[in-house]
There are 4 protein chains.
Amino acid sequence: MGLATTFAGSGSGFVSGCGRMTLIIYILRIGGGINMLYFENDYAEGAAPAVLQALIDSNMEHLPGYGEDRYSQAAADKIRTAMACPDATVKFITGGTQTNALALDLLLQPYEGVIAPDTAHINTHEAGAIELTGHKVLPQPSKLGKIDAATIEQFLTAWISDGSHEHMVQPGMVYLTFPTEYGTLYTADELRAIATVCRQHDLRLYIDGARLAYGLAASNDVTLPLLAQLCDAFYIGGTKCGALAGEALVFTRPDGVPAHLVNRIKQHGALVAKGRLLGVQFGVLFTDGLYEQLGKHALRMADNLRRALVANGIPRFIESPTNQQFPVVSTSQQAQLAQNVRFSVWGKYDDDHTVIRLATSWATTEDDVTALAKELQRIGA
Amino acid sequence: MGLATTFAGSGSGFVSGCGRMTLIIYILRIGGGINMLYFENDYAEGAAPAVLQALIDSNMEHLPGYGEDRYSQAAADKIRTAMACPDATVKFITGGTQTNALALDLLLQPYEGVIAPDTAHINTHEAGAIELTGHKVLPQPSKLGKIDAATIEQFLTAWISDGSHEHMVQPGMVYLTFPTEYGTLYTADELRAIATVCRQHDLRLYIDGARLAYGLAASNDVTLPLLAQLCDAFYIGGTKCGALAGEALVFTRPDGVPAHLVNRIKQHGALVAKGRLLGVQFGVLFTDGLYEQLGKHALRMADNLRRALVANGIPRFIESPTNQQFPVVSTSQQAQLAQNVRFSVWGKYDDDHTVIRLATSWATTEDDVTALAKELQRIGA
Amino acid sequence: MGLATTFAGSGSGFVSGCGRMTLIIYILRIGGGINMLYFENDYAEGAAPAVLQALIDSNMEHLPGYGEDRYSQAAADKIRTAMACPDATVKFITGGTQTNALALDLLLQPYEGVIAPDTAHINTHEAGAIELTGHKVLPQPSKLGKIDAATIEQFLTAWISDGSHEHMVQPGMVYLTFPTEYGTLYTADELRAIATVCRQHDLRLYIDGARLAYGLAASNDVTLPLLAQLCDAFYIGGTKCGALAGEALVFTRPDGVPAHLVNRIKQHGALVAKGRLLGVQFGVLFTDGLYEQLGKHALRMADNLRRALVANGIPRFIESPTNQQFPVVSTSQQAQLAQNVRFSVWGKYDDDHTVIRLATSWATTEDDVTALAKELQRIGA
Amino acid sequence: MGLATTFAGSGSGFVSGCGRMTLIIYILRIGGGINMLYFENDYAEGAAPAVLQALIDSNMEHLPGYGEDRYSQAAADKIRTAMACPDATVKFITGGTQTNALALDLLLQPYEGVIAPDTAHINTHEAGAIELTGHKVLPQPSKLGKIDAATIEQFLTAWISDGSHEHMVQPGMVYLTFPTEYGTLYTADELRAIATVCRQHDLRLYIDGARLAYGLAASNDVTLPLLAQLCDAFYIGGTKCGALAGEALVFTRPDGVPAHLVNRIKQHGALVAKGRLLGVQFGVLFTDGLYEQLGKHALRMADNLRRALVANGIPRFIESPTNQQFPVVSTSQQAQLAQNVRFSVWGKYDDDHTVIRLATSWATTEDDVTALAKELQRIGA
């Protein structure tokens, strides 16, 4: 039984013994959702119920601060197991931009910059947080959010052949998002090729996994152990994948852990006093495969959504395999859809059409998608 | 009925209709607490029960991100009302060091530094987070954590009389903690005198209120409206005062709000995607005087604790009026106390004595203090 | 009579009463230059003779430090006069990268970035000095080093239409080089169009004039007064235009001068104790049109060089109107030329050809170019 | 009699064949100095004559940029020889604050701070340049500008015993000035003791030698080789010791040279295009002991000055053994002295007395001091 039926009000409850809370949630959804279907983004709700329950259960325990609590330690252990990477270091950080800015600053030497697709989040939508730490983003041409090994190799070849290295920012890292900002995915082979280039040129490889649950669920061959094997560091997104807040920053290699790590996290203002808040949540996300299940649920919902788009003749701007779908709608369709559905506007397609974004998440129910399908039918050709 | 009685084990439950959760908490306390009394710090538990309940209740609501949700807006309104400062701007930030580094960077010009007591948290225990943003801390002599207006005036007079201003860091702000790191408090008159010096010299006044609930509860004359009136900015601590995480950063004057505030919070990596996490909590803390009650509860517990110290002839290193108490114990007393009580070691007093810290909080129960009193009696002279 | 004939050993001397020094120079040139003709760059010699003489003449004067000396004041006055911009503020800085990093940091708000051609020096060859101050370079497509108003407008339109400004770096400035890194020039109309876009969007306009003397000498319609009128700030290059070291940073508008300017220059480590070193030199450069003459001399030498290239059928990669010329030579031509001439390698043209750079400067003599012409004839088709 | 005879002590002039220039200098001194004796500071004139002559002699040589020229290489060699430290790395930087900010940033890890006397230049008069690079200055109590090994040891012991290192700035370096801001000197034993503490605690030792020539000349036992042996890095001041501009930054140990050193100097905006400007000057300063002679000359002048103070009953605030003397004068004496002498005001002594500073330098003549002595006699008791 999936989460969806639970959300729909199944009497048995999705977390044993937590019936009342489910009821509250149910009522709230009725109250807030009857008129508007919500597909605007994947961070509109709080925590996945089991995650919330764990916060409730542990609330009055006396625990040490700053990530020294047993929940944070156990969560790190569980993540190491899930990654099949027993020597990894795992630290929990509150948010994604903070994690990126921190990780890049710690993994780059002060004179190094980071190669990234020009559409990368760090290059476009983090308000210059990377540059605030003194590092340059070296943007490269991308396709639908992805950069390929050949492009990186080409940049490095040009860089090497330039005689004025002492006047140039030295590339120290490749940054990728998985899934990308366009909902697209790298294949295992694509990542392996990039990792090979990185190793040949002594670059670190870092992956921003803000929506990692959805990427892993959608990919045929990319797994947590593969990421741990290929990357020097990456983060497992919690905020958009079932947690109230939190990202798990992973350093995969013992010799790749920045010195005085906790001290530097503190210096960056990123050390959470009640580290339990993050540790408890990630402990649950990595128990009994919940992180994977939340991702797969969202993907099933996205599949249903995709089928409804196809069935109703509504084209998609991008063939996104993940939880974000990008239909192209006419101006009148957009207006009609907006009557009952919350969505994001992605950009203008042409004078008469707009690309919108419909996002599913761990919190999307089958009923939500069924209702959305009816709306799509209503506005379809 | 206040929280205190709830904590003492009243069968009726402390949040109406939430019996099960209380039960869990109760059991956990029994499980974790029977052997060790916990007075180590004031951030060892999760959220005050009503705060946690609000997170539960709002969990599945679809809400906009980045602090645009109705809870964050309402919480800001409630804080403005509590401060009698209708034009204030309130932003919720995850942690204290992050709040200080952010606020100081935004309120200082790039060439300005911040005057602070030499014992100030930003000068001693924030790992250089202020300097990481490029600003110098200008430490001044202090007494038990406090700086006075005359010391500031003296520094400014010397600064003004120096002919080489262009070669010096310009003082732009006075930073204080309330309560201080020593648990001491400024009186309203002391704060007024400092504020007057600040205005005369065009310095901003900023107060770090990490433990503000306990300071307000202990003070005879310092109130939230007074702080709002005297300061240019300050923060209302949540993490140590009943929240899972979060601090409310307040800019009191419309003309003192940094331009492009949200953009800069994002640039600092301090913009929380699920701003609701903080908004919901502060909304509850500032409903029906909960923040005040939590503070007063901790103070009552500290009063009981102080009485127990006096009764058992255990001297106090500092006359702290707030939730942190600093007994001086002999080496053998320390060892005995450690058998059943968790506390912090503050520092060496002499070869045979140590200053320890016993902290109460919103989570401390009367039973806890009663049990501690017995321990103190056991180790007393 | 130009500088060239002076350098070649004319008996009359170009600076009255300085015969001996000229002789030394002559001898040194014979000694060092007989075998190799020098066209590698435009900063290979010390100072223009008159500039050096002024350093000699003022050497033992007791002068105040940090730019407060009468030479620096007079030099600023002369530059203001030359720019027809009586209210400008002029500060002398040692080097170009330092000037750019300083000026951009002072003119940008901490949350702002700088729009620049992707080939801009600050984006490619300043080792990330701009990012070290926390600001992002926003690179835009360019042609032969130039960006146009339409490209800037297009970027700004896209930026404005994006709904997530709070997550984006705010454009605060347009940075250009004049001449560009490719030796090309903007016309007055092109600069006016860019300035108009800047004003419409409240962006500052800044021009990097590392080789300004050569740009002004080559341009039909761009003058110092025009630059002062259009820009918010720019710098007049000294290091590559006749000085031992030094750039004159100009803030054209009284209300556009960063607050506490000298203090911030000091904070950046860019305040020279013996400011006289720069003031004396710029005073001479802006006396009797020397800066203009030095530029025109180099341009005449470049014209001669260009004619020699044409006469010998050696194609040019770029139609550069300034002191840098970019011939395309075959591999064998390159090897032959390298026997007697020092030049820079610019890049590969095709498998058999290379783009090289030949630079003239204030220090290039007619004899140098005549000798180079013979070399070109020798290697020509 | 001009400077030349003073320096070389022989009738023939100190730089062969430079008669004319000396004459110019002499005339200028007559013109500018007849009315006012100049003892205000030690950076009021240009370059020592031999230094200037070398700039003249090399002016038209074609030399590579960025410190790759043969003069810079030779100067580094000469300094290595003078230090008896053949493996040292030497880089020439334009100014003192820039050198300090650069060196400390490169030698400190991002999470480290620098221990310094509270009166240290970096803590008081560099406008926060160190903090701008993200590092905290950890000021310690000092006496007349000096810190001692015991004070450092005490700070480190307290630091080590503190349990919250992860929340604290880690000490990474000790910074000293030699001579200090008060003109005082460390003995060899004092420096050895400090160096021992540094090695025991894995701290780097850095010495700011802005006025090193005067310190070496005054010290009984501190030599360049000793500094090279004890320090990890230090700088040999040029600006205040005979150069137009420039400081020689020395990294004494091959394994202590920051990686990608030139790249980082460039990133800091401190890489001079015409590195020859600095290389030529330091080459002369370290030829035939000129740097030492310039220092000794200034010290002889200071001795004469000190004797004149004693002879005329004018007390000194500090027993400074170097080129800065700090007489205490009454208000009326100060006014009288100011009629014919330029000096600095150091600070108020009491209601009726002021501490002033009289500085000698390489440029001070015996006639200057003789004339000053007459003035002191005139105002003396």
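Residues numbered from 1 in each chain as written. Chains lettered and ligands numbered in written order. Predicted model: local features only at pLDDT ≥ 70, side-chain atom pairs only at ≥ 80, totals over all residues. Heavy atoms only, no water.

UniProt, in the comment section headed Cofactor (unreviewed entry), describes chain A in these words: "pyridoxal 5'-phosphate". The record held by UniProt for chain A lists under Sequence similarities (unreviewed entry) the comment "Belongs to the threonine aldolase family." (UniProt positions renumbered as here; feature names shortened; annotations may be inferred.)

## Some remarks on the environment of C:Leu216
Residues and elements named next belong to chain C. Among the secondary structure elements, leucine 216 is positioned in helix H10 (residues 212-218). Distance from leucine 216 to glutamine 267, taken between C-alpha atoms, is 32 Å for residues 51 residues apart in sequence. Beyond its immediate chain neighbours, meaning those up to four positions away, leucine 216 contacts Phe178, Val222, Thr223, Leu224 and Leu227. (Helix = DSSP H or I, 4+ residues; strand = E, 2+ residues; numbered from the N terminus. Contact = heavy atoms within 4.5 Å.)

## Quick notes on unusual backbone geometry
Omega for the peptide link from B:Phe178 to B:Pro179 comes to -5°, which places this bond in the cis form. Looking at the element boundaries, B:Pro179 is found in the loop between strand E5 (170-177) and helix H9 (188-200).

## Considerations on the relation of the copies chain D and chain A
Taken as rigid bodies, chain D and chain A are interconverted by a rotation of 180° and an axial shift of 0.0 Å, the fit giving an RMSD of 0.0 Å. What the superposition gives is, in effect, a two-fold axis relating one chain to the other. No C-alpha of chain D lies nearer the rotation axis than that of D:Pro110, which sits 4.2 Å from it. When the interface residues of chain D are mapped onto chain A, 100% of them again fall at the interface, so both copies present the same face. (Least-squares fit on C-alpha atoms with pLDDT ≥ 70 in both.)

## What to know about the interface of chain D and chain A
Chain D puts 17 residues into the contact, and the matching count from chain A is 17 residues. Counting each side, the surface lost to burial between chain D and chain A is near 1,600 Å², with a carbon and sulfur contribution of 49%. Counting across the interface, chain D meets chain A through 0 salt bridges. Along the contact surface separating chain D from chain A lie 12 residue pairs in polar contact (both at pLDDT 80 or more). A per-element tally of the side of chain D that touches chain A places helix H12 (residues 261-267) of chain D first, with 5 residues. Considering only residue class, the side of chain D that touches chain A consists of 7 nonpolar, 7 polar and 3 charged. (Buried area = accessible area lost by both parts, 1.4 Å probe. Salt bridge = Lys/Arg side-chain N within 4 Å of Asp/Glu carboxyl O. Polar contact = N/O pair within 3.5 Å; in protein donor to acceptor, adjacent residues only side chain to side chain. Nonpolar A, V, L, I, M, F, W, Y, C, P; charged D, E, K, R; others polar.)

## Topic: the domain arrangement of chain A
Residues and elements named next belong to chain A. Considered domain by domain, chain A is made up of domain 1 (3-46 + 293-379) and domain 2 (54-285). Here domain 1 and domain 2 have C-alpha centroids that lie 28 Å from each other. Residue-level contacts link 20 residues of domain 1 with 22 residues of domain 2. Both sides together, the interface formed by domain 1 and domain 2 hides about 1,500 Å², and carbon and sulfur atoms give 66% of it. At the junction of domain 1 and domain 2, the tally comes to 1 salt bridge. Close ionic contact of aspartate 42 with arginine 211 constitutes a salt bridge, the shortest N to O distance being 2.5 Å. Of the residues forming the side of domain 1 that touches domain 2, the biggest block, 5 residues, is contributed by helix H14 (residues 290-311). A breakdown of the residues in the side of domain 1 that touches domain 2 according to their chemical character gives 10 nonpolar, 7 polar and 3 charged. (Domains from an automatic or database assignment.)

## Quick word on the state of the cysteines
Covalent bonding between the sulfur atoms of two cysteines defines a disulfide. Residues and elements named next belong to chain A. Within this structure, the stated rule accounts for 0 disulfides over all chains. Not engaged in a disulfide, the cysteine cysteine 241 finds its nearest cysteine sulfur in cysteine 231; these two sulfurs lie 16 Å apart. Residue cysteine 241 is classed as buried on the basis of its relative accessible area, which comes to 0%. (Disulfide = S-S within 2.5 Å. Buried < 20%, exposed > 50% of the residue type's maximum accessible area, 1.4 Å probe, protein only.)

## A short note on helix H3 (residues 49-58) of chain A
For H3(A), the buried fraction is high: 8 of the 10 residues fall into the buried class. Of all the residues in H3(A), the buried ones are A:Pro49, A:Val51, A:Leu52, A:Gln53, A:Ala54, A:Leu55, A:Ile56 and A:Ser58.

## A look at the interface of chain B and chain A
Each partner contributes residues to the interface: chain B has 51 residues there, and chain A has 52 residues. For the pair chain B and chain A, the summed buried area comes to about 4,900 Å², and 62% of that belongs to carbon and sulfur atoms. Considering only the side of chain B, the residues that lose the most area to chain A are B:Met60, B:His62 and B:Lys274, jointly responsible for 17% of the buried surface there. Between the two partners, chain B and chain A, sit 0 salt bridges. On the surface where chain B and chain A come into contact, there are 20 residue pairs in polar contact (both at pLDDT 80 or more). Sorting the residues of the side of chain B that touches chain A by element identifies helix H2 (19-33), helix H3 (49-58), helix H5 (96-107), helix H7 (129-132), helix H12 (261-267) and helix H13 (276-285) of chain B as the ones contributing at least two each. Considering each element in turn, the side of chain B that touches chain A owes the most residues, 6 residues, to H2(B). Of the residues assigned to the side of chain B that touches chain A, the class counts are 25 nonpolar, 17 polar and 9 charged.

## Digging into the sheet that holds strand E4 (residues 137-140) of chain A
Backbone hydrogen bonds are what pair the strands of a sheet, in a parallel or an antiparallel way. Residue and element names in this part refer to chain A. If you walk across this open sheet you meet the 7 strands as E2-E8-E7-E6-E5-E3-E4, and the pairing is mixed. Either end of the sheet is taken by a strand with one partner, and the two such strands are strand E2 (89-93) and E4. Averaged over all adjacent pairs, the angle separating strand axes in this sheet is 25°, with direction ignored. Bridge analysis of strand E3 (residues 112-117) against strand E5 (residues 170-177) gives 4 bridges, and the strand direction is parallel. Opposite glutamate 112, over in E5, you have glutamine 170 as the bridge partner. (Pairing = 2+ DSSP bridges. Axes fitted to C-alpha atoms, helices over the stretch in contact; angles between N-to-C directions.)

## Section: the pairing of strand E2 (residues 89-93) of chain C
Side chains on a regular strand alternate between the two faces of the sheet. Residue and element names in this part refer to chain C. E2 sits mainly inside the fold: 4 of its 5 residues count as buried. In this sheet, strand E8 (residues 247-251) lies alongside E2 in antiparallel orientation, the contact comprising 5 bridges. Bridging from a neighbouring strand, lysine 91 pairs with leucine 249 of E8.

## Remarks on the packing of aromatic side chains
Two aromatic rings are characterised by how far apart their centres lie and by the angle between their planes. With the rule as written, the count across this model stands at 32 aromatic pairs over all chains. An angle of 20° between the planes, with centres 5.9 Å apart, marks the rings of D:Tyr175 and D:Tyr206 as stacked. Of this pair, D:Tyr175 sits in strand E5 (residues 170-177) while D:Tyr206 sits in strand E6 (residues 204-209); the two residues are 31 residues apart in sequence, bridging distant segments of the chain. The rings of A:Phe92, A:Phe282, A:Phe286 and A:Tyr291 are connected pair by pair, giving a single aromatic cluster. (Phe/Tyr/Trp six-rings, centres within 6.5 Å; stacked < 30°, edge-to-face > 60°.)

## Observations regarding the pattern of salt bridges
Residue and element names in this part refer to chain C. Counted by the stated rule, this structure contains 56 salt bridges over all chains. For lysine 146, the salt bridge goes to glutamate 190, with nearest N and O atoms at 2.8 Å. Taken together, the residues span a long stretch of sequence, with lysine 146 in the loop between strand E4 (137-140) and helix H8 (149-161) and glutamate 190 in helix H9 (residues 188-200) at a distance of 44 residues. Overall, glutamate 190 belongs to the partly exposed group, its relative accessible area being 32%.

## Comments concerning the nonpolar core
Ranked by size, the top nonpolar core spans 150 residues in total, and within it C:Phe234, C:Ile236, D:Phe234 and D:Ile236 carry the most contacts. In contact with C:Phe234, other than residues within four places in its own chain, are C:Met83, C:Tyr206, C:Ile207, C:Leu212, C:Leu224, C:Leu227, C:Ala228, C:Ala248, C:Leu249, C:Val250 and C:Thr252. Formed by 149 residues, the second largest nonpolar core is a distinct cluster that contains A:Ile56, A:Ile115, B:Leu185 and B:Cys231. (Core = buried A, V, L, I, M, F, W, Y, C linked by side-chain atoms within 4.5 Å.)

## Brief notes about the packing of helix H15 (residues 331-340) of chain B against helix H16 (residues 366-379) of chain B
All names here are of chain B. Contact pair H15 / H16: the axes reach a minimum separation of 9 Å and the direction vectors enclose 150°. Looking at the two axes, H15 sits roughly antiparallel to H16. The way H15 lies across H16 gives a crossing that is right-handed. Contact residues: Gln333, Gln336, Leu337, Gln339 and Asn340 in H15; Leu372, Glu375, Leu376, Arg378 and Ile379 in H16. (Parallel < 35°, antiparallel > 145°, perpendicular 65-115°, else oblique. Left-handed = near helix turned anticlockwise from the far one by under 90°.)

## Points about the sheet that holds E5(B)
All names here are of chain B. In space, the 7 strands of this open sheet follow the order E2-E8-E7-E6-E5-E3-E4, with mixed pairing throughout. Edge strands, defined here as strands with exactly one partner in the open sheet, are strand E2 (89-93) and strand E4 (137-140). Taking the axes of each pair of neighbouring strands and ignoring which way they run, one obtains an average angle of 25° across the sheet. Bridge count for E5 against strand E6 (residues 204-209) is 5 bridges, and the pairing is parallel. Paired with threonine 177 across the two strands is aspartate 208, which belongs to E6.

## So, helix H5 (residues 96-107) of chain D
All names here are of chain D. For H5, built from 12 residues, the straight-helix expectation of 16 Å at 1.5 Å per residue is met to within 8% by its first-to-last C-alpha distance of 16 Å. The element H5 is extensively covered by neighbouring structure, given that 12 of its 12 residues are classed as buried. The set of residues buried in H5 consists of Gly96, Thr97, Gln98, Thr99, Asn100, Ala101, Leu102, Ala103, Leu104, Asp105, Leu106 and Leu107. (Expected span 1.5 Å × (residues − 1).)

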